[in-house]
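Take a look at the letters that make up each chain.
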Amino acid sequence: MIELTILNHLKTKLSVPVFLEEPETKPDRYVLLEKTGSGRSNCLGSSTFAFQSYAESLYELAALNEQTKAAVDSLIELNEIARVQLNSDYNFTDTVTKRYRYQAVYDLNHY
């Protein structure tokens, strides 16, 4: 399952907790990853992932977003990953909870 491969890799690269689902007790800073779509062509999997970074200030959030993108970019080092491409990243502050959030969307090809 590609989600676990990505989760385990990010846990080694980031100094903040990384989750597949929203934690009950939310730390000040963390990253949440979510697969938003997938496909397959010629036995090569493709997936789109959203990496949501949370922090207590916009400055800390911008820094965490850059660290998260660097960690995701480093997925290409893994044998299971054939391509890593940043689709988009943007401020995605949660208007309901008033929590600062950035989202980086990546397209990945994987085995």
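Use the structure listed above.
Residue numbers restart at each chain and count upward from 1, following the sequence in its written direction. A pLDDT threshold of at least 70 governs which residues receive local features in this predicted model, and a stricter bar of 80 or more applies before side-chain atom pairs are shown or counted, although totals over entire chains, interfaces and linings include all residues. As a rule here, side-chain values come from all non-hydrogen atoms in the structure, and water together with hydrogens is ignored.

1. Considering the overall build of the protein
Comment: elements are numbered from the N terminus, with helices defined as DSSP H or I runs of at least four residues and strands as E runs of at least two. Of regular secondary structure, the protein possesses two helices and five strands. Each helix and strand of the protein, placed in order from N terminus to C terminus, yields the pattern α-β-β-β-α-β-β. Each radius of gyration reported is based on C-alpha atoms, and the globular scaling rule is 2.2 Å times the count of residues to the power 0.38. Relative to the compact-globule value of 13 Å for 111 residues, the protein shows a C-alpha radius of gyration of 14 Å, a close match. Taken along its principal axes, the extent of the C-alpha atoms in the protein is 45 × 25 × 25 Å. Per-residue burial for the protein yields a buried fraction of 40% across its 111 residues. For this count, His and the chain ends are skipped, Lys and Arg are scored as positive, and Asp and Glu as negative. Here the site of a charge means NZ on Lys, CZ on Arg, CG on Asp, or CD on Glu. Side-chain charges of the protein comprise 11 positive and 15 negative groups, with the mean position of each set lying 2 Å from the other. A simple rule labels every residue: compare its accessible area, found with a 1.4 Å probe on the protein chains alone, to the largest value its type can have, and call it buried under 20%, exposed over 50%, or partly exposed in between.

2. A closer look at the sheet that holds strand β3 (residues 44-55)
Note on pairing: DSSP must find at least two bridges between two strands before they are called paired. The mixed open sheet is built from five strands, whose spatial order is β1-β2-β3-β5-β4. If you trace the sheet from one side to the other, it starts and ends with β1 (18-19) and β4 (81-91), each paired once. Where β3 meets strand β5 (residues 100-110), 11 bridges bridge the pair, whose relative direction is antiparallel. Residue Tyr54 lies in a different strand from β5, and its bridge partner there is Arg101. Helix α2 (residues 58-73) rests against β2 (30-41), β3, β4 and β5 of the sheet, and its axis sits at about 10 degrees to β5. Any two residues whose heavy atoms approach within 4.5 Å at even a single point are treated as in contact. Only the stretch in contact is used when a helix axis is fitted, and all axes are lines through C-alpha atoms; the angle between N-to-C directions ranges over 0 to 180 degrees.

3. Quick notes on the side chain of Asn65
The topology assignment puts Asn65 in helix α2. Filtering out sequence-adjacent residues up to four positions away, Asn65 remains in contact with Ser53, Asp89, Tyr102 and Ala104.

4. Details of the packing of aromatic side chains
Side-chain rings of Phe, Tyr and Trp, where Trp is taken by its six-membered ring, are said to pair if the distance between their centres is within 6.5 Å; with planes under 30 degrees apart they count as stacked, over 60 as edge-to-face, and otherwise as tilted. With the rule as written, the count across this model stands at five aromatic pairs. Ring geometry for Phe19 against Tyr30: centres 5.7 Å apart, planes inclined by 70 degrees, an arrangement best described as edge-to-face. Of this pair, Phe19 sits in strand β1 while Tyr30 sits in strand β2, placing them 11 residues apart in sequence. Judged by centre distance (4.6 Å) and plane angle (10 degrees), the rings of Tyr30 and Tyr54 are stacked. Linking Tyr30 in strand β2 with Tyr54 in strand β3, this pair joins segments that are 24 residues apart in sequence.

5. Quick word on α2
Taking 1.5 Å per residue, 16 residues should reach 22 Å; α2 reaches 22 Å between its end C-alpha atoms and fits that length. Within α2, the full set of buried residues consists of Leu61, Leu64, Asn65, Thr68, Lys69, Ala71 and Val72. Buried residues along α2 cover an arc of 160 degrees about the axis, so they all sit on one side. Buried positions along α2 lie against α1 (2-13), β2, β3, β4 and β5. Working rule for helices: expected span equals 1.5 Å times residues minus one. Working note: the arc is built from the helix axis to C-beta atom directions.

6. Considering the nonpolar core
Looking at soluble globular proteins, one finds that nonpolar side chains tend to be buried together. By nonpolar core is meant a set of buried Ala, Val, Leu, Ile, Met, Phe, Trp, Tyr and Cys residues that side-chain atoms within 4.5 Å join together. Grouped together as the largest cluster of nonpolar side chains are 19 residues, with contacts concentrated most on Ile6, Leu10, Leu14, Val18, Leu33, Phe49 and Phe51. Ranked by residue count, the leading element in this core is α1, at four residues. Filtering out sequence-adjacent residues up to four positions away, Ile6 remains in contact with Leu33, Phe49, Phe51, Leu75 and Leu108.

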